[in-house]
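Each chain, written out:
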Amino acid sequence: MSKQNNKATSRKLRSSKFTTTISISLVLFLLGMVGLLLLNAGRLSSYVKENLGITVMLNTDARDAEVRMIEKSLQASSLVKSAVYVDKESAAEKLKNDLGEDFIPLIGYNPLLSSIEVKVYAEYATPEGLQMVEKLIKAYPEVKEVYYQKDIVNLIHENVNKISLVLLCFTALMLIVALSLINNTVRLMVYAKRFLIRTMQLVGATNGFIRRPFIGQSIIQGLVGGLLANILLACVIYLSAKELEGVIGFDNIETVIVLFALVFFMGVLLTLISTVVSVNRYLNVRTADLYV
């Protein structure tokens, strides 16, 4: 009968450790996702800004050699990230694909103008910076008009700092939630061993001796939870890299290493703090309160 009880107790302890580790890993995964967004916020902001297109419409009498010269001149500018010439035939083909039918036979000619698609560096994707770029482009006599979405530029410029602040607040909130969830999970694990703690006290074990195995176990659980969370994060980064190339991916290996290291660190730190607080509680509790 005693052996059966010991086996049942052993199974419960293993199940408790497994459940605790999985819970810790899931909490760390959520915390890691927030960290992933926070660490890549700058790259995401730059990605959005550098994909704001400026369309430079050219005069119908602009010669190909002159247009190519403008294209190369813009590419050499310190303000411009890329400049791509789009002739009127290519523009018509693109519009045809977008509409799903050929519009040229209906009107008898191609009304579209040749253009240059320009993208600027992130630091110049501001209302003031784009005005500088627009002034630079309009200096060429072959340029008919310059178009870009001014409302979107203003909106991004006004809200990028607000978004960063909200993200920081959300990160702080997630850290509090993570600490609370891990603390509750660890406290339940220590609660299941409260009588063992009291027995060790009764046979003369010091508080440090009693804490030691709990601290060792918490470090292991934090590391294993961090490892599982990092595996999940690696899968998310791999899948996201296909959709957000240049923003999230393993090409920015320094950020990935920092993220994984932070997840391991937070896993060990949070479980360690929760374990020490929980064990200390039962080291100082009265025997009658152990049954509550």
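A. Spatial organisation of the environment of leucine 74. The topology assignment puts leucine 74 in helix H3 (residues 64-75). The class of leucine 74 is buried, set by a relative accessible area of 1%. Sequence-wise, leucine 74 and valine 120 are 46 residues apart; in three dimensions their C-alpha atoms are separated by 10.0 Å. Leucine 74 has contacts with Val80, Ala83, Ile116, Val118, Leu136, Ile137 and Tyr140, leaving out every residue within four places of it along the chain.

B. Layout of the sheet that holds strand S4 (residues 143-147). Pairing is antiparallel in the open sheet, where four strands are placed in the order S2-S3-S1-S4. The strands lining the two open edges of the sheet, one partner per strand, are strand S2 (80-86) and S4. Sheet twist, expressed as the mean angle between neighbouring strand axes with direction ignored, is 20°. Bridge count for strand S1 (residues 53-58) against strand S3 (residues 115-120) is five bridges, and the pairing is antiparallel.

C. The arrangement of the side chain of glutamate 71 in detail. Within the secondary structure layout, glutamate 71 lies in helix H3. In terms of polar contacts, glutamate 71 uses its side chain to reach the side chain of arginine 68, at 3.1 Å. In this structure glutamate 71 touches Ala83, Val84, Tyr85 and Ile116, once residues within four positions along its chain are discounted.

D. Looking closely at the side chain of threonine 126. You can see threonine 126 is positioned in the loop between S3 and helix H6 (127-138). Here the side chain of threonine 126 touches glycine 129 through a polar contact of 3.0 Å, landing on its backbone nitrogen.

E. Spatial organisation of a nonpolar patch on the surface. A contiguous nonpolar surface patch, about 410 Å² in accessible area, is contributed by Ile220, Val224, Leu227, Leu228 and Ile231. Tracing the chain through its elements places isoleucine 231 in helix H9 (residues 207-243). For isoleucine 231, a relative accessible area of 45% corresponds to the partly exposed category.

F. Quick look at the pattern of salt bridges. Within this structure, the stated rule accounts for four salt bridges. One network of salt bridges, in which partners are shared, links Glu134, Lys138 and Glu145.

G. Fine view of H6. Its 12 residues place the ends of H6 16 Å apart at the C-alpha level, agreeing with the 16 Å of an ideal helix rising 1.5 Å per residue. Burial in H6 covers these residues: Pro127, Gly129, Leu130, Val133, Glu134 and Ile137. Viewed along the axis of H6, the buried residues span an arc of 160°, placing them on a single side of the element. Opposite its buried face, H6 presents the exposed residues Glu128, Gln131 and Lys135, each directed more than 90 degrees away.

H. Spotlight on the nonpolar core. Within the largest apolar cluster, 30 residues are counted, with the highest numbers of intra-cluster contacts made by Leu28, Ile182, Val190 and Ile197. Going through the elements one at a time, helix H1 (2-39), helix H7 (150-191), helix H8 (194-202), H9 and helix H10 (253-283) are the ones with two or more residues in this core. Looking at which element gives the most residues to this core, the answer is H10, with eight residues. If we ignore the near neighbours within four places in the chain, the residues touching valine 190 are Ile197, Phe214, Ser278, Val279 and Tyr282.

I. A look at the packing of H9 against H10. Remark: H9 packs on H10, axes separated minimally by 7 Å, with the N-to-C direction vectors making an angle of 150°. One finds that H9 runs roughly antiparallel with respect to H10. Crossing handedness for the pair H9 and H10: right-handed.

Rules used in this analysis
Residues numbered from 1 in each chain as written. Predicted model: local features only at pLDDT ≥ 70, side-chain atom pairs only at ≥ 80, totals over all residues. Heavy atoms only, no water. Helix = DSSP H or I, 4+ residues; strand = E, 2+ residues; numbered from the N terminus. Buried < 20%, exposed > 50% of the residue type's maximum accessible area, 1.4 Å probe, protein only. Contact = heavy atoms within 4.5 Å. Pairing = 2+ DSSP bridges. Axes fitted to C-alpha atoms, helices over the stretch in contact; angles between N-to-C directions. Polar contact = N/O pair within 3.5 Å; in protein donor to acceptor, adjacent residues only side chain to side chain. Patch = residues over 30% accessible without salt bridge, like charges linked within 9 Å, V, L, I, M, F, W, Y side chains within 5 Å. Areas by Shrake-Rupley, 256 points an atom, 1.4 Å probe, with all protein chains shown as cover. Salt bridge = Lys/Arg side-chain N within 4 Å of Asp/Glu carboxyl O. Expected span 1.5 Å × (residues − 1). Arc of directions from axis to C-beta. Core = buried A, V, L, I, M, F, W, Y, C linked by side-chain atoms within 4.5 Å. Parallel < 35°, antiparallel > 145°, perpendicular 65-115°, else oblique. Left-handed = near helix turned anticlockwise from the far one by under 90°.

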